[in-house]
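# Tertiary structure, described
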Amino acid sequence: MPPDEPINPKTRRRRPPATGGENFSFTLSARQGRARAGLFKTPHGDLLTPVFAPVGTQATVKAITPAQLQALDASLILANTYHLYLRPGDELVAEMGGLHQFMGWSGPILTDSGGFQVFSLSDTRKVDEDGVTFKSHIDGSLHRFTPEKSISIQENLGADIIMAFDECAPPCEREYNQRAMERTHTWARRCIEQKTRPDQALFGIVQGGVFPDLREQSAAFISSLGFPGHAIGGLSVGETKSEMHAMLEVVDRVLPEDKPRYLMGVGSPEDLVNGVLRGIDIFDCVLPTRLARHNAAITRSGRLNMMNLVFAHDPLPLDEGCACYTCQHFSRAYLRHLVVAHEMLAATLLSIHNIHTLLQLVRQIRLAILENRFDRFAAEFLAHHANTEESE
Ligand SMILES: [Zn+2]
């Protein structure tokens, strides 16, 4: 690792942008069609890609300990800047030694920029060219995010991968998407300018809604800025699956091959396979833990709602053939009992199974790419895997 550069306000603007590339490297090990298997090195460990990141919104993957995440062989987890800025505050996290130490997770962490959450607060936020003013969902207090503020919060939090502050527009409104994309581009430059920590990789975000020309323009502009990785934002927010796939195909043709691509907030089993088929390396999604808290298991035969009476006397595991701790030790009858009795262990055991299922799927995808049989794997998976997205 190279020594830290001195931060001198007079010379700072003359050195190359501190996008973080020096402590990170990405190499492609194999590819088949557009699918890629790679290795992304970060200061807190290696990510074998494709990789799926469970989400720990409030610096905790809900109902799961870091030791359990380690046992699941999770490599990357995501934490949310908006939530941690409001509570407990990024300065407090920094004072406690940064996110890794604060939450007891020594592996790689990614933080989002806070933009997505802020733009979701559609009634209580106001956007201008400089940033966004919004009300806290906790106590209604007034706050302001700018690109500079988002980066300084993410530097306090200390994740390995941090994200540029972007504007996420409703996917189908063309004029709004054009404006939001232009703002996202201006803000991307300001994020690069603001960044100081060489041990964090700053990823740029491609926007442009469902409009191929905007996506193409955005991917070309964002990749011209020298980021060590690129994210595709503003998808899986209300557009159709075929629109999402079309946008991924446009962006895939423009983004540089030698840097990782991250599809933000997407992670059902079908989305993982479809994303990898279109050149994506990194995914995150709340799906496995959110479903677990709603008593649902992701299995190869679709979603199981564990409240269902049909499981009351069922001695089988959630998914026969699943190697997770939950399936190795507990019956559907026991899990249904926990769910009906509102026992906390239900959320833990279902989360373990659901996270394992997605991590296992990306491991199988990676192996299939390395063994040059991903095309068959994907075709078979998409033909036979029961749809687990009916309620979304
Ligand atoms: Zn299982």
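Before reading on, note that the structure itself is shown above.
Everything numeric in this text was worked out from a predicted model, so none of it was measured. (Residues numbered from 1 in each chain as written. Predicted model: local features only at pLDDT ≥ 70, side-chain atom pairs only at ≥ 80, totals over all residues. Heavy atoms only, no water.)

## Quick notes on the nonpolar core
Put simply, the rule reads: Residues grouped as a nonpolar core are buried Ala, Val, Leu, Ile, Met, Phe, Trp, Tyr and Cys residues, joined through side-chain atoms within 4.5 Å. Only protein chains enter the accessibility calculation, which uses a 1.4 Å probe; a residue is then buried when its area is under 20% of its type maximum, exposed when over 50%, and partly exposed in between. A run of H or I in DSSP counts as a helix once it spans at least four residues, and a run of E counts as a strand once it spans at least two, with each numbered from the N terminus. By the convention used here, residues are in contact when the closest approach between their heavy atoms is within 4.5 Å.
Counting 79 residues, the largest nonpolar core has Leu99 and Phe374 as its most contacted members. Top element by residues in this core is helix H14 (residues 344-370). It accounts for nine residues. With residues up to four places along the chain from it excluded, the contact list for Leu99 reads Ala59, Ala79, Leu84, Val93, Gly104, Ile109, Thr111 and Leu157. Listed in part, the 19 residues of the second largest apolar core include Val51, Leu76, Ile205 and Ile282.

## So, the sheet that holds strand E9 (residues 142-145)
Short version of the rule: In this analysis, strands are considered paired if DSSP registers two or more bridges between them. For helices, the fitted axis covers only the stretch in contact; all axes are lines through C-alpha atoms, and the angles between them, taken along N-to-C directions, range from 0 to 180 degrees.
In space, the three strands of this open sheet follow the order E7-E8-E9, with antiparallel pairing throughout. Looking along the sheet, the strands with just one partner apiece sit at the ends: strand E7 (125-127) and E9. When strand polarity is set aside, the average angle formed by the axes of neighbouring strands in this sheet is 15°.

## Description of the layout of surface pockets
The condition that has to hold: A 1.4 Å probe that fits but cannot get out identifies a cavity on a 1 Å grid over protein atoms alone, an open set with protein on both sides within 12 Å along at least five of seven lines counts as a pocket, and a residue lines either if it has an atom within 4 Å of a point. Grid points are joined across faces, edges and corners, and a volume is the space filled by probe spheres set on the points. Think of it as three bins: nonpolar holds Ala, Val, Leu, Ile, Met, Phe, Trp, Tyr, Cys and Pro, charged holds Asp, Glu, Lys and Arg, and polar takes everything else, Gly as well.
Estimates place the volume of the largest pocket at around 1100 Å³. Forming the boundary of the largest pocket are 47 residues, of which Phe116, Gly265, Cys285, Val286 and Arg290 lie nearest the centre. Mapped onto the lining of the largest pocket, the elements with two or more residues apiece are helix H5 (115-120), helix H9 (241-254), strand E14 (282-285) and helix H11 (287-293). At five residues, the largest contribution of residues to the lining of the largest pocket is made by H11. For the lining of the largest pocket, the residue count by class is 16 nonpolar, 19 polar and 12 charged. By volume, the second largest pocket is sized at about 350 Å³. Around the second largest pocket sit 17 residues that line it, and Arg300, Asp319, Thr357, Gln360 and Gln364 are the ones nearest its centre. Every element with two or more residues in the lining of the second largest pocket is listed here: H14 and helix H15 (374-384). Here the residues of the lining of the second largest pocket are counted per class, giving six nonpolar, eight polar and three charged.

## Topic: the side chain of Asp319
Tracing the backbone through its elements, the reader meets Asp319 in the loop between strand E16 (302-305) and helix H12 (325-329). Residue classification places Asp319 among the buried positions, given a relative accessible area of 10%. Not counting chain neighbours up to four residues away, the residues in contact with Asp319 comprise Thr299, Arg300, Cys327 and His353.

## A word on the packing of helix H6 (residues 147-157) against helix H7 (residues 174-194)
Where we set the bar: Oblique is the label for any angle not under 35 degrees, not over 145, and not in the 65 to 115 range, which are roughly parallel, roughly antiparallel and roughly perpendicular in turn. We call a crossing left-handed when the near helix sits turned anticlockwise from the far one by less than a right angle, and right-handed when that turn is clockwise.
It is at 8 Å that the axes of H6 and H7 come closest, and there the two elements cross at 45°. Judged by the inter-axis angle, H6 sits oblique to H7. By crossing handedness, the relation of H6 to H7 is classed as right-handed. In this structure, H6 uses Pro147, Glu148, Ile151, Ser152 and Glu155 to contact H7, whose residues at the interface are Trp187, Arg190, Cys191 and Gln194. Of the residues contributing to the contact of H6 with H7, the split by class is four nonpolar, two polar and three charged.

## Looking at the sheet that holds strand E2 (residues 35-42)
As summarised here, the arrangement of the three strands in space is E1-E2-E3, forming an open sheet in which the pairing is antiparallel. Pairing within the sheet leaves two strands with one partner each, and these edge strands are strand E1 (25-32) and strand E3 (45-49). On average, each strand axis in the sheet is tilted by 10° relative to the strand beside it, whichever way the strands run. When E1 meets E2, the two strands line up antiparallel, connected through seven bridges. By the bridge assignment, Ala30 is partnered in E2 with Ala37. H14 rests against E1, E2 and E3 of the sheet, and its axis sits at about 70° to E1.

## Some thoughts on H15
How we decide: Directions drawn from the helix axis to the C-beta atoms are what define this arc.
The complete set of buried residues in H15 reads Phe374, Phe377, Ala378 and Phe381. Taken down its axis, H15 places every buried residue within 95° of arc, on the same side. Among the exposed residues of H15, those pointing more than 90 degrees away from its buried face are Arg376, Glu380, Ala383 and His384. Here the buried face of H15 lies against E1, E2, helix H10 (269-277) and H14.

## With respect to the pattern of salt bridges
To be explicit about the condition: Every case where a carboxyl oxygen of Asp or Glu lies within 4 Å of a side-chain nitrogen of Lys or Arg is listed as a salt bridge.
Taken as a whole, this structure holds 20 salt bridges when the rule is applied. Taken together, the shared-partner salt bridges connect Arg31, Arg34, Arg36, Asp252, Glu257, Arg261 and Asp281 into one network.

## Quick look at the packing of aromatic side chains
Operational definition: Aromatic pairs are defined between Phe, Tyr and Trp rings, using the six-membered ring for Trp, whenever the two ring centres lie within 6.5 Å; interplanar angles under 30 degrees are classed as stacked, those over 60 as edge-to-face, and all others as tilted. Comment: the charge-over-ring label is applied if NZ (Lys) or CZ (Arg) is within 6 Å of the ring centre and within 35 degrees of the ring normal.
Applying the stated rule across the entire model yields 12 aromatic pairs. Summarising the aromatic geometry, the rings of Phe165 and Trp187 are spaced 5.1 Å apart at their centres and angled 25° between planes, so their arrangement reads as stacked. Residue Phe165 is found in the loop between strand E10 (161-163) and H7, and its partner Trp187 is found in helix H7; the two are separated by 22 residues along the sequence. An aromatic cluster of three or more residues is present, and its members are Tyr82, Tyr85, Phe134, Phe145, Phe165 and Trp187. Positioned over the ring face of Phe211 is Arg174, at 5.4 Å from the centre of the ring.

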